[in-house]
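# A closer look at the structure
Chain by chain, the residues run as shown.
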Amino acid sequence: MIRSHALRVFVAVADCGNIRDAAKALGRTVSAVSMTLKQLESELGAPLFETDRKHTLTVLGQEVRKLARELLREHDRTTERIAAIAAGREGALRIAAVPSVAAQLLPPVLTEMLEVHSGIQIELLDTDSTSMHTLVETGEVELGIGGEPHARSDLHFIPLFHDPFRLVCRKDHPLARAATPLKQADLQEHQLISNKSTTGFYDLEHSGPHQASTLSARNVISLLALVRAGAGATILPALATRTIDGDLRALALDDPAARRTVGFVLRRNGNPSPICAAFQNRFLDLIRSTEIAPSGEVAQPLIWPGRLA
């Protein structure tokens, strides 16, 4: 097999017209360059130069130089791309995130990454935590951001921050005038619109005869539209209420357990790609430098694999 190094030495000698100048350009000794040429000619079974002075190529040498230049150019382009992918400067990344994270937190991180690394491609899917877990587990996306998966799943969860739940209602709703955080009993006589984000904390479909919900929606936009239309109030993570308009109110709940923990979700035995690791580190920087949850409930300590520190 002809080594690319041998072809590189040959092209340098052919371009310089002598071994001494080629050795200087390559940073090699004259004897090392001479030996490499002899080995290459031996492997080819024919001379590449007309004389020992190496200033005139044979017909074979002319053809080999032409083909070697093309091969080395492609070789260099390929190795540069491999290095760029390994360093996270190129590559593709697919992420699934819960809608509030996708809308409120990811835009500045993704924009910065695309500005710094113009060779990367990122696809973002916004979905609920259950669907996100499935996408990560099946390998359709490399990284998920959202709630914690089931303990028996083949997924690894890295908690990042706590996001408390809020009651969202119209500004003319009776609860909107509450001066203190709302207790569970305060909600009993009011129509609540259920959604998947509160499952396990405020299960509005099976919470009792007075609080049971007869209306449910999955999409935050639909939920807020229903609240705005007077169909009832709903409970959402605080992150999802950051941009609600002046017609609505987001009220605190008097329940320390009424919060979700948001984190990274990856396949348990997988190693993240360099571009995925770069993204995770940038997202961590965002969390460390800003107040993510309105209450400042950042999970401590951050659980983070040492290989990505």
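A few points on the structure. (Residues numbered from 1 in each chain as written. Predicted model: local features only at pLDDT ≥ 70, side-chain atom pairs only at ≥ 80, totals over all residues. Heavy atoms only, no water.)

### Topic: the packing of aromatic side chains
- What the rule picks out here adds up to three aromatic pairs.
- Centroid distance Phe 10 to Phe 49: 5.7 Å. Interplanar angle 65°. Geometry classified as edge-to-face. In this pair, Phe 10 is assigned in helix 1 (residues 4–16) and Phe 49 in the loop between helix 3 (30–44) and helix 4 (59–86), connecting sequence segments 39 residues apart. Exposure class is identical for Phe 10 and Phe 49. Each is buried.
- Judged by centre distance (5.6 Å) and plane angle (55°), the rings of Phe 264 and Phe 283 are tilted. One end of the pair, Phe 264, is in strand 9 (residues 259–267); the other, Phe 283, is in helix 9 (residues 274–289), and 19 residues separate them in sequence. (Phe/Tyr/Trp six-rings, centres within 6.5 Å; stacked < 30°, edge-to-face > 60°. Helix = DSSP H or I, 4+ residues; strand = E, 2+ residues; numbered from the N terminus. Buried < 20%, exposed > 50% of the residue type's maximum accessible area, 1.4 Å probe, protein only.)

### Quick look at helix 8 (residues 220–228)
- Within the sequence span of helix 8, burial applies to Leu 223, Leu 224 and Val 227. For helix 8, the arc enclosing every buried residue in end-on projection is 95°, short of the 170-degree limit, so these residues lie on one face.
- Those residues of helix 8 that are buried are in contact with strand 4 (155–170), strand 5 (192–194), strand 7 (233–237) and strand 8 (248–252).
- Of the residues that open helix 8, the one with a side-chain oxygen 2.7 Å from the backbone nitrogen of Ile 221 is Asn 219. (Arc of directions from axis to C-beta. Contact = heavy atoms within 4.5 Å. Polar contact = N/O pair within 3.5 Å; in protein donor to acceptor, adjacent residues only side chain to side chain.)

### Some points on the environment of Val 262
- Among the secondary structure elements, Val 262 is positioned in strand 9.
- Considered as a pair, Val 262 and Ser 129 are 133 residues apart in the sequence and their alpha carbons are 9.7 Å apart.
- Not counting chain neighbours up to four residues away, the residues in contact with Val 262 comprise Val 101, Ile 145, Gly 146, Phe 157, Pro 159, Leu 160, Phe 161 and Asp 163.

### Focus: the packing of helix 1 against helix 2 (residues 19–26)
- At a closest axis distance of 8 Å, the pairing of helix 1 and helix 2 adopts a crossing angle of 125°. Overall, the two elements helix 1 and helix 2 adopt an arrangement that is oblique. Here helix 1 and helix 2 pass one another in a crossing that is right-handed. Packed against helix 1, whose contacting residues are Val 9, Ala 12, Val 13 and Cys 16, the element helix 2 presents Ile 19, Asp 21, Ala 22 and Leu 26 at the interface.
- Looking at the contact of helix 1 with helix 2, its residues break down into seven nonpolar, no polar and one charged. (Axes fitted to C-alpha atoms, helices over the stretch in contact; angles between N-to-C directions. Parallel < 35°, antiparallel > 145°, perpendicular 65-115°, else oblique. Left-handed = near helix turned anticlockwise from the far one by under 90°. Nonpolar A, V, L, I, M, F, W, Y, C, P; charged D, E, K, R; others polar.)

### Describing the pairing of strand 7
- Burial of strand 7 is extensive: five of the five residues sit out of reach of the surface.
- In terms of strand pairing, strand 4 meets strand 7 through four bridges, oriented antiparallel. Note that in strand 7 the partner of Val 168 across the bridge is Thr 234.
- The pairing of strand 5 with strand 7 spans two bridges and is classified as parallel. Residue pairing in the sheet places Ile 193 in a bridge with Thr 234 of strand 7. (Pairing = 2+ DSSP bridges.)

### Details of the environment of Glu 112
- Within the secondary structure, Glu 112 sits in helix 6 (residues 106–116).
- Using a relative accessible area of 38% as the deciding quantity, one classes Glu 112 as partly exposed.
- Sequence spacing of Glu 112 and Arg 282 is 170 residues, and the spatial spacing of their C-alpha atoms is 9.0 Å.
- For Glu 112, the side chain forms a polar contact with the side chain of Arg 282, separated by 2.8 Å.

### So, the nonpolar core
- Counting 28 residues, the largest nonpolar core has Val 101, Leu 106, Ile 145, Phe 264, Phe 279 and Phe 283 as its most contacted members.
- Looking at this core, the elements with two or more residues in it are strand 1 (90–97), helix 5 (99–104), helix 6, strand 3 (143–146), strand 4, strand 9 and helix 9.
- With seven residues, the single largest contributor to this core is helix 9. (Core = buried A, V, L, I, M, F, W, Y, C linked by side-chain atoms within 4.5 Å.)

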